[in-house]
Amino acid sequence: MNEQIVARHWLAIIASKAAPAVATSTVLILARIWNANGAQHSLGNAVLMTALSLAAGAAGVCASIGRAGDPVIAGTAFAASGGLALAGVAGYANGLSLPLLLWVLTTAIAYGLAARYWRTDRRERITYERHVSDRREERTHIERVETIRGTTQIEVARTGAAYAEQLAQALITRAALPGFDPGALEAVGLPQLPFADSSKENRA
């Protein structure tokens, strides 16, 4: 049975690698748009984004040290905390220097966290491919052995049939010769042929 091999499209590979940079860039762009629409030097907006960022970070800490310890929820919460902090600073700051610096740091941290999951995914994919390859080789070996065994059995049966036919032809030819004794065949354990009974009846 052949295993179906699914190849990932190159766009899907690029999209997964570019996702952290796209996410942080989107947050930066939206924060600067928010800055241009009145968020600059707004103390209430700064307090709101700080509170949301701290709440997301606290949720990530609770998810990572809790009894369940779900790494997916913790990573999502920490990513939301970093994104909210970046959006708050980018929306509140005057120039682009500090937002761009935070964008670079946030993007680097995002790629650092994503690289861990990419390594895990790559190891799992390699393990699965090795497992599939081992199964394929094992099935190929079994099919090859069974093919050789079946071919050998067919050749043995064919050789036995040819030998039996040659033996019967030889016995028939020998029976036609003068001085043939069917009892000698029975003495050595060979099967009694039908013509032996007919020869006895003729002599009777």
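As the structure is a prediction and not an experimental result, all values here were calculated from the model.

Colleague: Can you help me understand the overall build of the protein chain in this one?
Modeller: When helices and strands are counted, the protein chain shows six helices and zero strands. The order of α-helices and β-strands along the protein chain, N terminus first, is α-α-α-α-α-α. Here the protein chain displays about 14,800 Å² of accessible surface, and carbon together with sulfur accounts for 65% of that area.

Colleague: Would you mind going over a nonpolar patch on the surface with me for this structure?
Modeller: On the surface, I29, L30 and I33 cluster together into a nonpolar patch covering about 290 Å² of accessible area. Of note, L30 is situated in helix α1 (residues 10-39).

Colleague: Quick question: what am I supposed to make of the confidence of the model for the protein chain here?
Modeller: Caution applies to low-pLDDT parts of the model: their predicted coordinates are not meant to be read in detail. Mean pLDDT over the protein chain: 76, with 78% of residues reaching 70 or higher. Here helix α6 (residues 194-203) stands out as the element of the protein chain with the lowest mean pLDDT, 46, in contrast to helix α4 (residues 97-175), whose mean of 86 is the highest. Across residues 196-204 the pLDDT falls below 50, and counting only partners more than four positions away or on other chains, this stretch makes six contacts in the model.

Colleague: Help me understand the side chain of T24, please; the structure alone is not making it clear to me.
Modeller: Along the chain, T24 turns up in helix α1. Residue classification places T24 among the buried residues on the basis of a relative accessible area of 8%. If near-sequence neighbours (up to four positions away) are discounted, T24 is found in contact with L86, W103, T106 and T107.

Colleague: Would you mind going over the packing of aromatic side chains with me for this structure?
Modeller: Applying the stated criterion across every chain, the model contains one aromatic pair. Both rings, one in Y111 and one in W118, keep their centres 6.1 Å apart while their planes meet at 65°; by these two values the pair is edge-to-face. Using a relative accessible area of 23% as the deciding quantity, one classes W118 as partly exposed.

Colleague: Would you take a moment to explain the environment of L84 for this structure?
Modeller: Within the fold, L84 resides in helix α3 (residues 71-92). Judged by relative accessible area, which is 24%, L84 ranks as partly exposed. Sequence separation between L84 and S53 is 31 residues, and the spatial gap between their C-alpha atoms is 5.2 Å.

Colleague: Hey, could you run me through the nonpolar core in this one?
Modeller: Looking at soluble globular proteins, one finds that nonpolar side chains tend to be buried together. Counting residues in hydrophobic clusters, the biggest one holds five residues: L28, A31, M49, A87 and A90. Only α1 and α3 provide two or more residues apiece to this core.

Colleague: Where do I start with the pattern of salt bridges in this structure?
Modeller: Pairing between side chains of opposite charge can happen when their charged atoms approach one another. Inspection of the entire model under this criterion finds three salt bridges. The partner of D121 in a salt bridge is R125, and the shortest N-O contact between them spans 3.2 Å. On the criterion of helical spacing, the pair formed by D121 and R125 is a turn pair, its members being four residues apart in helix α4. Two residues, E155 and R158, come together in a salt bridge whose shortest N-O distance is 3.4 Å.

Colleague: How should I be thinking about α4 in this particular structure?
Modeller: Count 3.6 residues to each turn of an α-helix, and residues three or four apart come out pointing the same way. Compared with an ideal rise of 1.5 Å per residue, which puts 79 residues at 117 Å, α4 spans 114 Å between its outermost C-alpha atoms and is within 8% of the ideal. Residues of α4 that are buried: P99, T106, T107, A114, V132 and L171.

Colleague: Just checking my understanding: could you explain a positive patch on the surface for this structure?
Modeller: Taken together, the side chains of K17, R116, R119, R122 and R123 define a basic patch exposed on the protein surface. Counting residues per element, the positive patch draws most heavily on α4, at four residues. Take R119: it is sitting in helix α4.

Colleague: Where do I start with the environment of S81 in this structure?
Modeller: Note on placement: S81 falls in helix α3. Of the residues examined, S81 reaches a relative accessible area of 13% and is grouped as buried. Along the primary structure S81 and A51 are separated by 30 residues, whereas in three dimensions their C-alpha atoms are 9.7 Å apart. With sequence-adjacent residues up to four places away left out, S81 is seen in contact with S53, A56 and G57.

Colleague: How should I be thinking about the side chain of T107 in this particular structure?
Modeller: Within the secondary structure, T107 sits in helix α4. At 2.7 Å, the side chain of T107 forms a polar contact with the backbone oxygen of W103. With residues up to four places along the chain from it excluded, the contact list for T107 reads A21 and T24.

Criteria and cut-off values
Residues numbered from 1 in each chain as written. Predicted model: local features only at pLDDT ≥ 70, side-chain atom pairs only at ≥ 80, totals over all residues. Heavy atoms only, no water. Helix = DSSP H or I, 4+ residues; strand = E, 2+ residues; numbered from the N terminus. Areas by Shrake-Rupley, 256 points an atom, 1.4 Å probe, with all protein chains shown as cover. Patch = residues over 30% accessible without salt bridge, like charges linked within 9 Å, V, L, I, M, F, W, Y side chains within 5 Å. Salt bridge = Lys/Arg side-chain N within 4 Å of Asp/Glu carboxyl O. pLDDT = per-residue confidence, 0-100. Contact = heavy atoms within 4.5 Å. Buried < 20%, exposed > 50% of the residue type's maximum accessible area, 1.4 Å probe, protein only. Phe/Tyr/Trp six-rings, centres within 6.5 Å; stacked < 30°, edge-to-face > 60°. Core = buried A, V, L, I, M, F, W, Y, C linked by side-chain atoms within 4.5 Å. Expected span 1.5 Å × (residues − 1). Lys, Arg positive; Asp, Glu negative; His and termini not counted. Charge placed at Lys NZ, Arg CZ, Asp CG, Glu CD. Polar contact = N/O pair within 3.5 Å; in protein donor to acceptor, adjacent residues only side chain to side chain.

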